[in-house]
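# Remarks on the overall topology
Below are the chains, spelled out letter by letter.
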Amino acid sequence: MSADTGMWVSSAPLRISLAGGGTDLPGYVRRFGGTVLGAGTDLRVTVVGRRVPHRPAGIRVCLDSCGHAESAGELANPFAREAMLRHWDGTPLDLFSMGDVPGATGMGSSAAFCVSLVAGLSKEPLEASALARAASDIEIEGLGRPVGRQDHYLSALGGFRLLHFHRDGTVDVEDVPVPAESARRLGEELLLFHTGTSRDAGAVLRDQAGGTERGDKGTTHRLHEIKELTAPLRDALVHGRFTEVGRLLGRHWELKRGLGARVSLPRVDRAYEDALVAGATGGKLLGAGGGGFLLLHVPLAGRPDVREALTAHGMREQPFAFDARGAVLHTL
């Protein structure tokens, strides 16, 4: 719990969505229910807050840029503005945030920011699922973004999770029992590369959401298949069959590229094909697509050649590891 005065530091992990992404979008969930398999990483978003009750009312912020706002409604950052409108008690506040990767790159940075901020602002400690719900309400209900809730749940919870999104709006969380040594080894065999391109997830997801709402059979069929991949991928993770993980990631990417013209880019497709030739077994763009991070499964012996191939395409590797920690809050 954050104190009435003083400083707090909260952080939440960026996530990797492995299978089922897109089936958590509201239009699909309301009709069919969705399932997503993903995991938290050691890459995080951190928010620092300092309550300053002796100062005149207002918020000093260093988020996208530094400045001062007299009220929550004046904040330029839409996620911070909506979070503050919902959870700020009005005490003058200094607010600062930082992330381990650039925003809009497919690892759920906006969700991790919302989770971290709500954790720090809440007067009482929130259980992880309640924290995820409150953070996702900021984006979905408050800002009207066409996103699902997987990012917020994976960020609040950490670890390997299978999320079941039911048509009545409830969410069931299933722990995926990946042994610690398997998680470490999988982290070595999964390579993450920044494509050099960022995108607005809402814009990319709007195409998919529109197809679902219109009852487009092609979109619906692909999403059904994407959801069905969660069961075999969970089994492959639990039993350490990582080559199969790569194959399933590749199948996920084949299906996802058919969801809209903005999901992939020609230069990303070329880099992906070269990675397969160099030794990768499969992979996918993270998040909504359209740029961001490319995740590849590469057996240890093939890593030098794949790294060389992706470097030739101007893509920078981002080291990471899987992490069981979800959102954490410290008061000072």
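Here the structure is shown first, and the text comes after it.
The residue numbering used here restarts from 1 in each chain and proceeds along that chain's sequence as written. Residues qualify for local features only when their pLDDT is at least 70, as the model is predicted, and side-chain atom pairs are given and counted only at 80 or more; totals for whole chains, interfaces and linings, by contrast, use all residues. Values shown for side chains rest on all heavy atoms present in the structure; no hydrogens or waters enter the calculation.

### Brief notes about the packing of helix H8 (residues 217-228) against helix H9 (residues 230-238)
Following both chains from N to C, one finds H8 and H9 inclined at 20°, their axes separated by 5 Å at the closest point. One finds that H8 runs roughly parallel with respect to H9. Between H8, through Ile 226, Lys 227 and Glu 228, and H9, the contact on the second element is made entirely by Thr 230, Ala 231 and Pro 232. Residue classes follow a fixed rule: Ala, Val, Leu, Ile, Met, Phe, Trp, Tyr, Cys and Pro count as nonpolar, while Asp, Glu, Lys and Arg count as charged, and any other residue, Gly among them, counts as polar. Each residue belonging to the contact of H8 with H9 can be placed in one class, and the counts come to three nonpolar, one polar and two charged. Orientation is described by lines fitted to C-alpha atoms, with helices fitted over the stretch in contact, and by angles between N-to-C directions that extend from 0 to 180 degrees. Every helix listed is a DSSP run of H or I at least four residues long, and every strand listed is a run of E at least two residues long, numbered separately from the N terminus. Should an angle lie under 35 degrees it is considered roughly parallel, over 145 roughly antiparallel, and from 65 to 115 roughly perpendicular; all remaining angles are considered oblique. By definition, residues are in contact when any of their heavy atoms lie within 4.5 Å.

### Looking at the side chain of Asp 94
Counting through the fold element by element, Asp 94 comes out in strand S5 (residues 93-99). Asp 94 has contacts with Val 48, Gly 49, Arg 50, Val 52, Arg 55 and Arg 60, leaving out every residue within four places of it along the chain.

### A word on the sheet that holds strand S9 (residues 282-285)
At least two bridges found by DSSP between two strands are what make those strands a pair. Taken together, the four strands give an open sheet; going across it, the order is S9-S10-S8-S11, and neighbouring strands pair in antiparallel fashion. Of all strands in the sheet, those with a lone pairing partner are S9 and strand S11 (316-317), marking the two edges. Examined bridge by bridge, S9 and strand S10 (residues 293-297) share four bridges and lie antiparallel to one another. Across the sheet, residue Gly 283 finds its bridge partner in S10, namely Leu 296. Relative to strand S8 (residues 190-194), helix H6 (residues 180-189) is tilted by about 45°, and along the sheet it contacts S8 and S10. Packed onto the sheet, helix H10 (residues 242-256) meets S8, S9 and S10 and runs at close to 45° relative to S9.

### Re the packing of helix H4 (residues 128-142) against helix H5 (residues 150-157)
Geometrically, a packed helix pair is captured by the angle between its two axes and the distance between the axes. At their nearest, the axes of H4 and H5 sit 8 Å apart, and the two run at 145° to each other. Of the two elements, H4 crosses H5, and the hand of that crossing is right-handed. Across from Ala 128, Ser 129, Leu 131, Ala 132, Arg 133, Ala 135, Ser 136 and Glu 139 in H4, the residues of H5 making contact are His 152, Tyr 153, Ala 156 and Leu 157. Taken together, the residues of the contact of H4 with H5 break down into seven nonpolar, three polar and two charged. A clockwise turn of the near helix away from the far one marks a right-handed crossing, whereas an anticlockwise turn of less than a right angle marks a left-handed crossing.

### Some remarks on the state of the cysteines
For the purposes of this analysis, a disulfide is any pair of cysteine sulfur atoms at a distance within 2.5 Å. Taken as a whole and assessed by the stated rule, the structure comprises one disulfide. Put simply, Cys 62 and Cys 66 are joined by a disulfide, and their sulfur atoms are 2.0 Å apart. Between Cys 62 and Cys 66 the sulfur-sulfur dihedral comes to about 115°; the bridge is accordingly right-handed. There is no disulfide at Cys 114, and the cysteine sulfur nearest it, in Cys 62, is 18 Å away. For Cys 114, a relative accessible area of 0% corresponds to the buried category. The classification of residues rests on relative accessible area computed with a 1.4 Å probe and restricted to protein chains. Under 20% of the type maximum is buried, over 50% is exposed, and intermediate values are partly exposed.

### Side note on the nonpolar core
In terms of nonpolar packing, the biggest core is built from 92 residues, with Phe 160, Leu 296 and Leu 310 touching the most fellow members. Of all the elements, helix H3 (residues 109-121) adds the most residues to this core, at eight residues. With residues near it in sequence (within four places) discarded, Phe 160 still touches Leu 18, Gly 38, Ala 39, Glu 174, Asp 175, Val 176, Val 178, Ala 183, Leu 186, Leu 237 and Phe 322. Only buried residues count toward a nonpolar core, which is a set of Ala, Val, Leu, Ile, Met, Phe, Trp, Tyr and Cys residues joined through side-chain atoms within 4.5 Å.

### Side note on the pattern of salt bridges
Any carboxyl oxygen of Asp or Glu within 4 Å of a side-chain nitrogen of Lys or Arg constitutes a salt bridge here. By the definition in use, this model includes 22 salt bridges. A salt bridge links Arg 234 to Glu 174; its shortest N-O distance comes to 3.2 Å. Of the two residues, Arg 234 sits in helix H9 while Glu 174 sits in strand S7 (residues 171-175), which places them 60 residues apart along the sequence. Given the relative accessible area of 23%, Arg 234 is considered partly exposed.

### Digging into the side chain of His 252
Looking at the element boundaries, His 252 is found in helix H10. A relative accessible area of 1% means that His 252 is categorised as buried. Excluding residues within four positions of it along the chain, His 252 makes contact with Leu 18, Ala 19, Gly 20, Gly 21, Ile 226, Leu 229 and Lys 284.

### Considering the packing of aromatic side chains
Centre distance within 6.5 Å is the pairing criterion for rings of Phe, Tyr and Trp, where only the six-membered ring of Trp is used; planes under 30 degrees apart are then read as stacked, over 60 as edge-to-face, and the remainder as tilted. Taken as a whole, this structure holds four aromatic pairs when the rule is applied. Summarising the aromatic geometry, the rings of Phe 320 and Phe 322 are spaced 5.4 Å apart at their centres and angled 85° between planes, so their arrangement reads as edge-to-face. Here Phe 320 matches Phe 322 in class, with each residue buried. Grouped by ring-pair contacts, the aromatic residues Phe 160, Phe 320 and Phe 322 constitute a single cluster.

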